[in-house]
Structure formats: structure tokens, C-alpha cells
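Examining the three-dimensional arrangement
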Amino acid sequence: MKKITVIIPAYNEEKTIGRVLIGVLTADFESAGFEKEIIVVDDGSTDGTFDAVSRAASSADCVKIIRFERNLGKGAALRAGIEDATGDIISVQDADLEYDPSDIPKMAARIADGSARVVYGSRFLEKNPVIYASYYLGNKIISGFIGAIFLRRVTDSYTCRKLFDKNVLKEISLVSRGFEIEAEITSKILQRNIPITEIPIRYTPRTIKDGKKISLRDAFLGAWTAIRVRFARSSVCSRLREPLRICMLSARFHPHIGGAEKQGLLLASRLCAGGNSVFVCTQSFNGGLPSRENVSGVEIYRLAHGSSFRFMLGSLRFLISKRKEYDAIHVLLASSPAIAAVVAGSLLGKKVLIKFGCSGKFGDIATSRARIAGRVKLSLLKHSSARFVCPSRGVFDEALTEGFPCDRFTIIPNGADTSRFAPVSVERKRSLGEELGLGSDGGPVAVFTGRFERQKGLEGLVGEWGGVVQTFPSAKLVLVGRGTLEENLRRIAARLGAAASSVIFAPPTDEVEKHLAAADFFVLPSSAEGISNSMLEAMASGLAVIAADISANKEVITDGENGYLAPSAPTTFAEKIKSAFALWGSAADKAMRERARETALERYSVEKMLKDYIALYRRM
């Protein structure tokens with residue numbers, strides 16, 4: 001059964017949003033062969049819109065609510081909904097009563113049967129009431145204008161009843177914040193020669209007094225948006241044929257182990273393998289590392305280690321000296337090197353992309369706000385022309401709350417190498433267990449891979465592990481990595497008495513896939529993450545993941561379906577481990593592992609990440 005995601009952007013629609021939501025909930029999708037997902041985006045409403053949505057959706061599991069702290073515009077709300085959508089077909093439903101939700105499944109059938117990829121409900125293909133002649137003529141004129149400049153016929157480009165095959169929206173990059181999003185969507189679809197199928201619909205217009213918000217200014221913005229899309233076409237096509245030239249900038253890089261560094265090397269190596277030019281500027285924290293080295297096809301330049309300020313100045317000199325060798329600077333975390341990138345970008349006319357890697361108290365924004373220099377840096381980044389990327393909705397929402405502009409952000413989840421990280425046979429799992437010294441006790445094996453740092457929650461996990469072993473005497477916990485807490489973790493494990501031998505410490509390795517393949521479960525009790533690389537690798541390996549129920553993990557895992565979510569408090573997390581272990585080897589356990597692998601393949605593969613980044617680089 002195909003799924004339809006209905007996105008409802010809403011701003012100060014307290015009077016109507018409840019009835020609209022109930023209308024979508026009660027519309028008969030099932031008879032037409034669809035399941036439904038509803039995403040309501042409260043675009044910073046100042047009335048009772050959020051409360052009305054919460055009441056109407058209180059007993060509906062299929063409704064998600066996204067809430068902006070301030071009004072960002074219909075375009076921003078739609079883009080947020082599209083980012084969160086998981087349906088095969090995506091539909092837009094306004095939060096007023098102008099459009100009938102029962103039209104959605106009938107129109108979606110045209111996409112489901114393959115006869116159309118984009119379906120618009122046109123208000124002008126049959127007679128509908130007209131309240132304002134100016135609105136009627138304005139819609140006709142702008143639709144005719146867009147059709148004329150793209151040499152295609154479209155009667156109602158500003159209809160809010162639009163349905164898309166999800167892959168169509170992946171092919172286009174939307175940047176508008178306001179009502180001009182309607183013109184941008186239509187223009188970019190026509191630009192790619194994707195046919196728009198128009199179907200007559202019923203329409204009940206409302207008055208300005210009732211809350212109608214679009215204005216003459218929005219019409220001019222829409223026309224200008226269409227012009228920009230149309231006449232940027234040749235230059236866009238030209239850029240699509242040229243190899244990318246990227247300089248990545250990071251305070252730390254390979255062989256330093258961290259999520260941003262792993263993702264950076266993975267992305268850079270895949271870009272280079274595709275014929276693009278990527279090199280990295282970083283610090284040399286180890287005197288034994290060469291100042292220049294090729295790793296996986298990527299040239300790495302290491303500057304002498306010093307203070308953050310010294311590296312910032314050194315990286316600025318490097319960027320200036322290498323200015324003829326790159327077109328864009330990609331900063332892997334929003335730390336002090338981001339300032340050098342922004343300054344170099346401004347001086348040299350280079351595009352700059354900065355990644356926010358994590359949210360919460362360990363994230364880029366919270367750690368920056370704790371220091372005066374960090375607050376100055378955030379202000380500089382906000383007012384720069386840089387573009388930003390983040391791996392999850394939680395990181396994005398935090399950036400918006402901090403005052404960063406929505407239209408300069410793109411959400412690109414981290415990716416896992418689903419070929420390298422893959423399930424293995426029972427025989428291979430057994431042999432790997434013997435090779436890694438896990439013994440042959442036949443109990444469940446839980447593994448953690450990553451840094452031994454405070455945010456990972458490992459001290460609580462190890463402290464409660466003795467209770468897990470009391471219930472499952474043959475269970476083992478394997479901690480793969482290194483970090484500032486290693487000695488303390490070893491001391492905590494030693495205090496477990498007889499259970500101490502069940503906690504195994506393994507050093508960092510370039511063959512972490514062996515530890516994942518030999519294990520049965522992956523544990524992640526972190527209090528803060530972006531999107532955990534290690535978790536994605538574990539899911540790709542077909543492990544059942546037990547993770548803390550923080551926002552980033554909730555974006556990936558649905559508790560009881562493709563993994564387990566638990567409060568990060570040590571005792572409750574340990575209880576969740578016991579519940580998961582109780583299902584070990586059952587049909588439910590096998591099905592969960594399969595769904596975890598499917599999630600990694602469909603949403604978090606390195607191929608998808610690479611495609612999204614290439615599209616972003618091209619847009620810059």
C-alpha cells in the first residue's frame with residue numbers, strides 16, 4: 001500500500017485548522033489504496049493554532065507536528081514538511097477551508113498508476129466562485145506568464161492543491177521562503193520537462209477578512225522567481241557538466257576518529273572517485289603525521305598544531321594560497337575555522353558551506369554560546385553569505401531558534417557505506433567472534449563504536465551492565481574506540497565483580513565492520529547526536545539498535561519497528577537492553593534487523609548522501 005504524505009502549512013489559522021485536519025483525517029484514503037501521513041507545520045503562529053492542532057490530532061498516530069519559533073513563510077514551512085515526509089506521494093493542503101481534502105486520494109491515483117508524476121488541481125478548468133476579480137486575474141496572468149516563458153501550458157500555477165511523486169521533489173531544490181514557493185515549484189518542474197497533469201477541482205475562496213494572506217507583492221515575487229529559474233537554466237546546465245573543486249576545512253581529520261571527520265573522508269573519497277577535485281586542510285596533532293598525505297584518493301594538508309586562533313590564521317593563509325585550486329570551501333563543523341572560510345570566501349569570491357554537526361549542550365551552537373568568542377563567531381556566520389547544512393531536523397530547528405536564516409539551510413542526513421557494512425552469514429559471524437576474542441558462550445553481544453566522551457553516556461551504561469549480566473549471564477558488551485573517559489570506564493567495569501570480564505575494550509580500528517558483524521545489538525545511550533554514523537553503520541549491518549530517545553535518533557528509529565528507543569537514564573536504558581535481549585533470535589528480532597537494514601538502504605546510504613551534496617554544491 002502506497003503512503004500519501006499531506007503537508008499542511010499553517011500560520012494563525014486557529015479558526016479553521018482543526019476542521020481542516022479533521023477533514024484530512026476522515027477523508028477515505030484507504031478505499032483508494034493509500035495509507036496517510038499528515039505533517040502540520042505551525043509557522044510561528046501567535047494565536048491558538050498550535051493548541052487547535054494538538055486537540056484535533058490528539059488521538060491520531062499518523063499526525064506529526066513541526067513548530068517554528070517565529071514566522072518564516074509558507075515556502076519555509078513547505079520545505080520543512082517535505083524534508084520530514086516519508087510518503088511515496090506528497091500532497092499540499094492549505095490550513096483554510098478553500099480546498100476539499102477528499103480530492104487528494106482521487107488525484108493521487110493518477111500518480112500511483114504511473115500515468116502522472118505531478119498532478120495539479122486547477123481552479124480554472126471548471127466554474128468556481130470568484131470573490132475578488134483582482135485575485136482571479138492575477139492568478140490567470142501569472143500562470144500564463146510562467147507557461148509562456150517555459151513554452152508549456154499550465155492554467156493554475158498558484159493552486160495549493162499540488163501532488164507529487166516523491167522522487168520529483170528530490171530532483172528539484174527549493175529555496176523560497178514565502179508564497180513565491182508556488183511559482184518556484186512550477187518553474188523548476190517545467191524546467192526539467194516534467195509534465196504537469198491538471199485536474200478540475202472544487203474551490204471555495206475566502207475573503208481577506210477571513211484570513212486570506214497572499215498579496216500583490218507576492219505576485220511580483222512569483223514572477224521574478226520564475227524569471228530567475230528560467231534564465232539561470234543555461235548556466236546551471238553548464239555547471240552540471242563541470243567537475244567540482246572543493247576545499248574541505250576541519251580542525252581535525254583522519255586519522256582522528258569522530259563523526260564529522262568520518263563523514264568528511266567518506267564524502268571526499270566518493271567525490272574524488274567520481275572525477276571531482278577535493279582536498280582537505282586540517283591540523284597536525286601528531287608530530288609523526290606527514291604534512292601532506294593521500295588517503296583514499298584525497299589529498300590532506302596538515303598545518304602545524306597550535307591554538308584555535310593560530311589554526312584559524314593558518315587556514316586563512318592556506319585558503320588564499322590555494323585560491324586557484326578550488327571553487328567552494330566546505331567546513332566540516334561550525335568551529336573557529338568557519339571564520340577563516342567566511343573571510344576567505346568574502347575576499348576571494350568563493351562559495352562557503354558550513355556544517356552544523358550536533359544539537360544540544362554538546363552541539364556547535366551551545367558550545368559556541370558558552371564563550372564570548374563563540375557568540376561573536378555565531379553572529380558573524382549569521383550575517384555572512386555562507387550556506388549551511390545539518391544532518392537532522394533537531395540541528396536545523398536549533399539553528400533557526402538561534403536566528404539563522406531558514407533559506408540558507410539544507411538538511412542532508414549522514415550516510416553509511418551499505419556495501420561495506422552489511423549482514424553476514426551465521427558461519428561468518430561465528431568465525432569473526434572467535435577472531436575478535438568474544439568466545440563461544442552463545443549469549444547476546446552488544447557493541448558500541450565511537451568516542452569515549454561524556455555525551456555518549458557510556459559511564460552509566462557500564463555501571464548498569466552488571467544488572468544485565470545477572471539476567472543474561474552469557475551477554476557481552478564490546479566497546480570499540482578511545483577517548484578521554486577510557487580509564488574511568490575501565491575502573492567502572494572493574495567494579496562489576498564477576499561481570500567485569502563481560503565488558504571488552506577494543507582499540508579503534510579501520511575494520512570496525514568486523515565488530516559490527518560479530519555482534520547482535522548496537523547500543524547508543526548518547527545524550528546528544530546529529531545523526532550517529534556508528535548507528536547507521538550498525539543498522540546497515542543488520543543489527544538491532546538500542547538508542548537513547550533523543551530527537552536525532554527519533555528521526556531514524558521507530559521504537560519496536562526498526563530498533564529500540566529508551567530514556568538515556570542508565571537504569572531505564574539497561575531495562576530496555578534486557579527487553580531487547582529477551583527477543584534475541586526470535587522472528588520479531590529477525591524482522592527488526594531486516595527493517596533496520598532497509599532503513600539504512602532507503603534513507604541513509606552513502607549514495608544518497610553523495611547525490612544530495614553534489615546537488616547542493618551545484619546550487620551554490
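First, a word on what this report is: a plain description of the structure on this page. These numbers come from a predicted model, not from an experiment. (Residues numbered from 1 in each chain as written. Predicted model: local features only at pLDDT ≥ 70, side-chain atom pairs only at ≥ 80, totals over all residues. Heavy atoms only, no water.)

The helix and strand tally for the protein chain stands at 24 helices and 21 strands. For the protein chain, the spread of C-alpha atoms along the principal axes amounts to about 80 × 60 × 45 Å. Across the 620 residues in the protein chain, those meeting the buried criterion constitute 55%. Considering only contacts within the protein chain whose residues lie at least 6 apart along the sequence, 73% involve residues at least 24 apart. A total of about 26,200 Å² of accessible surface is found on the protein chain, and carbon and sulfur atoms cover 53% of it. Where the 85 positive side-chain charges of the protein chain centre and where its 69 negative ones centre are 6 Å apart. (Helix = DSSP H or I, 4+ residues; strand = E, 2+ residues; numbered from the N terminus. Buried < 20%, exposed > 50% of the residue type's maximum accessible area, 1.4 Å probe, protein only. Contact = heavy atoms within 4.5 Å. Areas by Shrake-Rupley, 256 points an atom, 1.4 Å probe, with all protein chains shown as cover. Lys, Arg positive; Asp, Glu negative; His and termini not counted. Charge placed at Lys NZ, Arg CZ, Asp CG, Glu CD.)

This brings us to the environment of I550. Of note, I550 is situated in the loop between β20 (544–548) and α21 (551–556). Since its relative accessible area comes to 16%, I550 is described here as buried. A sequence separation of 22 residues divides I550 from A528, and the C-alpha atoms of the two residues are 6.9 Å apart. Each residue touching I550, except ones within four places of it in the same chain, is listed here: S526, S527, A528 and E529.

This part is about the sheet that holds strand β19 (residues 521–524). An order of β18-β17-β16-β19-β20-β21 is seen for the 6 strands of this open sheet, with the pairing classed as parallel. Two strands lie at the open edges of the sheet, namely β18 (503–506) and β21 (564–566), each paired on one side alone. Shown here is a sheet whose adjacent strand axes are inclined to one another by a mean of 20°, direction ignored. Two elements, strand β16 (residues 445–451) and strand β17 (residues 476–482), share 7 bridges in a ladder whose sense is parallel. When the bridges of β17 are listed, T449 appears paired with V480. With respect to the sheet, helix α17 (residues 458–471) is in contact with β16, β17, β18 and β19, its orientation differing from that of β17 by roughly 155°. (Pairing = 2+ DSSP bridges. Axes fitted to C-alpha atoms, helices over the stretch in contact; angles between N-to-C directions.)

This next bit is on helix α15 (residues 393–401). The set of residues buried in α15 consists of R393, G394, V395, F396, A399 and L400. Residue G403 follows α15 closely and has a positive phi angle near 105°.

Attention now moves to the pattern of salt bridges. This model, assessed by the stated rule, comprises 33 salt bridges. Residues E607 and R270 are paired through a salt bridge, measuring 3.7 Å at the closest nitrogen-oxygen approach. Linking E607 in helix α24 (residues 606–619) with R270 in helix α10 (residues 259–273), this pair joins segments that are 337 residues apart in sequence. By relative accessible area, which is 42% here, E607 ends up partly exposed. In this structure, the salt-bridge partner of R454 is E459, at a minimum N-O distance of 2.6 Å. Beyond isolated ion pairs, a larger network of salt bridges with shared partners links K74, D94, K162 and E182. (Salt bridge = Lys/Arg side-chain N within 4 Å of Asp/Glu carboxyl O.)

Here we take up the nonpolar core. The biggest cluster of nonpolar side chains holds 74 residues, and the ones touching the most others in it are F68, I189, I329, I354 and F356. Setting aside its immediate chain neighbours within four residues, F68 contacts V41, D42, D43, G44, A76, A77, A80 and L400. (Core = buried A, V, L, I, M, F, W, Y, C linked by side-chain atoms within 4.5 Å.)

Turning to the packing of α17 against helix α18 (residues 486–494), a few remarks are in order. Here α17 crosses α18 at 15°, and the two axes come no closer than 8 Å. Between α17 and α18, the interaxial angle falls into the category roughly parallel. Of the two possible hands of crossing, α17 and α18 adopt the one that is right-handed. For the pair formed by α17 and α18, the contact residues are L458, E459, V462 and G463 on the first element and N488, L489, I492 and A493 on the second. (Parallel < 35°, antiparallel > 145°, perpendicular 65-115°, else oblique. Left-handed = near helix turned anticlockwise from the far one by under 90°.)

Turning our attention to the sheet that holds strand β1 (residues 2–10). Judged by pairing direction, the sheet is mixed, and its 7 strands sit side by side in the order β3-β2-β1-β4-β6-β5-β7 without closing on themselves. Edge positions in the sheet fall to β3 (63–67) and β7 (196–200), since each of these pairs with one other strand and no more. Looking at each pair of strands side by side, their axes are set apart by 20° on average, direction ignored. Together, β1, β2 (34–42) and β3 form the strand contacts of helix α2 (residues 49–56), whose direction differs from that of β3 by roughly 165°. Against the sheet, helix α3 (residues 74–84) makes contact with β1, β2, β3 and β4 (89–92), and its axis sits at roughly 155° relative to β1, the strand it touches most.

Relative to the elements of secondary structure, S526 occurs in the loop between β19 and α20 (533–540). Apart from the residues within four sequence positions on either side, S526 is in contact with Q455, K456, G457, A548, I550 and S568.

A few words on the packing of aromatic side chains. Following the criterion strictly, the structure yields 19 aromatic pairs and no others. Between the aromatic rings of F404 and F409, the centroid separation amounts to 6.1 Å while the plane-to-plane angle is 90°, which identifies the pairing as edge-to-face. When its relative accessible area of 5% is taken as the criterion, F409 is described as buried. Ring centres 6.4 Å apart and planes at 75° place the aromatic pair F452 and F505 in the edge-to-face group. With F452 in the loop between β16 and α17 and F505 in strand β18, this pair connects stretches of sequence that are 53 residues apart. Taking the relative accessible area as the measure of exposure, F505 reaches 17% and is therefore buried. What links up through ring pairs into an aromatic cluster is the set F356, F388, F396, F404 and F409. Residue placement shows K382 over the ring face of F404; its charged tip is 5.9 Å from the ring centre. Residue placement shows R593 over the ring face of F521; its charged tip is 5.1 Å from the ring centre. (Phe/Tyr/Trp six-rings, centres within 6.5 Å; stacked < 30°, edge-to-face > 60°. Lys NZ or Arg CZ within 6 Å of the ring centre and 35° of its normal.)

Now for empty space enclosed by the protein. Overall, the coordinates contain 2 cavities of 30 Å³ or more when judged by the stated rule. Forming the walls of the largest cavity are A260, Q263, G264, L267, H330, L332, K355, N414, M609 and Y613. At the level of secondary structure, the elements contributing two or more residues to the lining of the largest cavity comprise α10 and α24. A total of 4 residues in the lining of the largest cavity trace back to one element, the largest contributor, which is α10. (1 Å grid on protein atoms, 1.4 Å probe; cavity = no way out; pocket = protein on both sides within 12 Å on 5 of 7 lines; lining within 4 Å. Points joined across faces, edges and corners; volume = space filled by probe spheres on them.)

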